[in-house]
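# Analysis of the macromolecular model
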Amino acid sequence: MTARLPRIAITAGEPAGIGLDLCVKLAQIPLAAKIIVIADQYALKQRAQTLSLPLHICADEVPHLGNDSLQVLHHPIAEPVVAGQLNPNNSAYVLNTLKSATDGCVNGTFDAMVTAPVHKGVINDAGIAFTGHTEYLAELTNTKQVVMMLVGGGMRVALATTHLALKNVSSVITLGSLETTLRILHTDLVKKFAIPQPKIYVAGLNPHAGEGGYLGTEEIETINPVLKKFRAQGFDLIGALPADTMFSEKNLTIADAFLCMYHDQGLPVLKHASFGEGVNVTLGLPIIRTSVDHGTALELAGTGKAEIGSLLAAIALAIQLSHNTLLAPK
């Protein structure tokens, strides 16, 4: 029996940024999926005109053939879009597209969602409290804790903490939070990435993983006790390891994922290896969500210079995870 094509929803993100550019360019590229762009169809047509690219909008569900056509789920924008110029009056529209994609994934209309970048600042300028995609999607799906993982350069790097001042990291990494993070990471590697027994390398927090307590005690008091507890439950965990040697060539060939304690401990390594083609994955959600690993790039909007590599990688991963989920035993 031939597997059906997965249905992938793509939110076009901040309309003044490069999200619309990327969606227009997507119409030129064939993909092994049914792609549904959630955006204002007239804003898409306007951006296509600006880019001097052909674009045909269709409402019917069809395979994405790269024949200058996009299937669009139309959400009207509040005010006309000017490339590169943020408008707080269009912020509610951005969130509406995210809710539409999320609801569609929850009810089975879509198999996965891929998000183009949004601009946190202008959404907050509109009087809407917004800290980011991840937190918003967690709220929409009633998910208590999620885990951010980046995929690229032949590695998967998950984070125990995300956008947090360095001085606050230690206090946030508790026995409970680290246990939940590890369980989410392990569960989604098994269920969504189809890795039956994932091997996870875990970094310490301090230089040299604390040097036996001389350079910090978080490894002794928090990280290692959690790893010991989970190993007893059958988890394949290596660490806590010094972060400066964890990403060795040998380890890259063995590890299914790396867990780092804070944002800039792991992501510089991954982004060096995959800049422009990395993918952000939100683990712990009841749906599949991938995202580009770059921002709105307002200065590039409407110029034709925006690179589509990260969006294509995010779509490819969403397709892969959708197939894994569709083929998984019920």
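This report concerns the structure included in the present document. (Residues numbered from 1 in each chain as written. Predicted model: local features only at pLDDT ≥ 70, side-chain atom pairs only at ≥ 80, totals over all residues. Heavy atoms only, no water.)

Our focus in this paragraph is the layout of surface pockets. Within this model, the largest pocket holds a volume of roughly 770 Å³. Looking at the lining of the largest pocket, the elements that each hand over two or more residues are α5 (133–140), β6 (147–152), α7 (175–191), α11 (263–274) and β12 (289–292). Of the residues forming the lining of the largest pocket, the biggest block, four residues, is contributed by α5. Residues that form the lining of the largest pocket fall into these classes: 13 nonpolar, 18 polar and six charged. (1 Å grid on protein atoms, 1.4 Å probe; cavity = no way out; pocket = protein on both sides within 12 Å on 5 of 7 lines; lining within 4 Å. Points joined across faces, edges and corners; volume = space filled by probe spheres on them. Helix = DSSP H or I, 4+ residues; strand = E, 2+ residues; numbered from the N terminus. Nonpolar A, V, L, I, M, F, W, Y, C, P; charged D, E, K, R; others polar.)

The subject of this paragraph is the pairing of strand β10 (residues 257–260). A two-sided burial pattern is seen for β10, the buried positions comprising A257 and L259 on one face and F258 and C260 on the other. Note that strand β7 (residues 155–159) and β10 share three bridges and pair parallel. In the sheet register, L159 faces β10, and the bridge partner there is C260. As paired elements, strand β8 (residues 199–203) and β10 share three bridges and run parallel to each other. Looking at the pairing, Y201 lines up with F258 of β10. (Buried < 20%, exposed > 50% of the residue type's maximum accessible area, 1.4 Å probe, protein only. Pairing = 2+ DSSP bridges.)

Applying the stated criterion across every chain yields a total of four aromatic pairs. Taken together through their ring pairs, the aromatic side chains of Y201, F247 and F258 make up a single cluster. (Phe/Tyr/Trp six-rings, centres within 6.5 Å; stacked < 30°, edge-to-face > 60°.)

Glancing now at α11. Along its twelve residues, α11 runs 16 Å from first to last C-alpha, staying within 8% of the 16 Å computed at 1.5 Å per residue. Within α11, burial applies to Q265, G266, L267, L270 and S274. Within α11, the buried residues cover an arc of 155° as seen down the axis, which keeps them to one side. More than 90 degrees from the buried face of α11, the exposed residues found are D264 and H272. At its buried positions, α11 is contacted by β6, β7, β8, α9 (243–246) and β10. Positive phi shows up at G276, right after α11, with a value of about 90°. (Expected span 1.5 Å × (residues − 1). Arc of directions from axis to C-beta. Contact = heavy atoms within 4.5 Å.)

Turning our eyes to something else, we now look at the sheet that holds β6. The strand order across the open sheet built from twelve strands is β3-β4-β2-β1-β5-β12-β11-β6-β7-β10-β8-β9, with neighbouring strands paired in mixed fashion. In this open sheet, the two strands that pair with only one neighbour each are β3 (56–58) and β9 (236–241). Neighbour to neighbour, the strand axes of the sheet diverge by 30° on average, direction disregarded. Bridge analysis of β6 against strand β11 (residues 279–283) gives five bridges, and the strand direction is antiparallel. Across the sheet, the residue bridging to V147 is L283, located in β11. Along the sheet, helix α8 (residues 218–231) contacts β8 and β9; its crossing angle with β9, the most-contacted strand, is approximately 165°. (Axes fitted to C-alpha atoms, helices over the stretch in contact; angles between N-to-C directions.)

Note on placement: I200 falls in strand β8. The class of I200 is buried, set by a relative accessible area of 0%. For the pair I200 and I128, spaced 72 residues apart in sequence, the C-alpha to C-alpha distance is 38 Å. Residues contacting I200, with those up to four places away along its chain left out, are L185, H186, L189, D236, L237, I238, A257 and L259.

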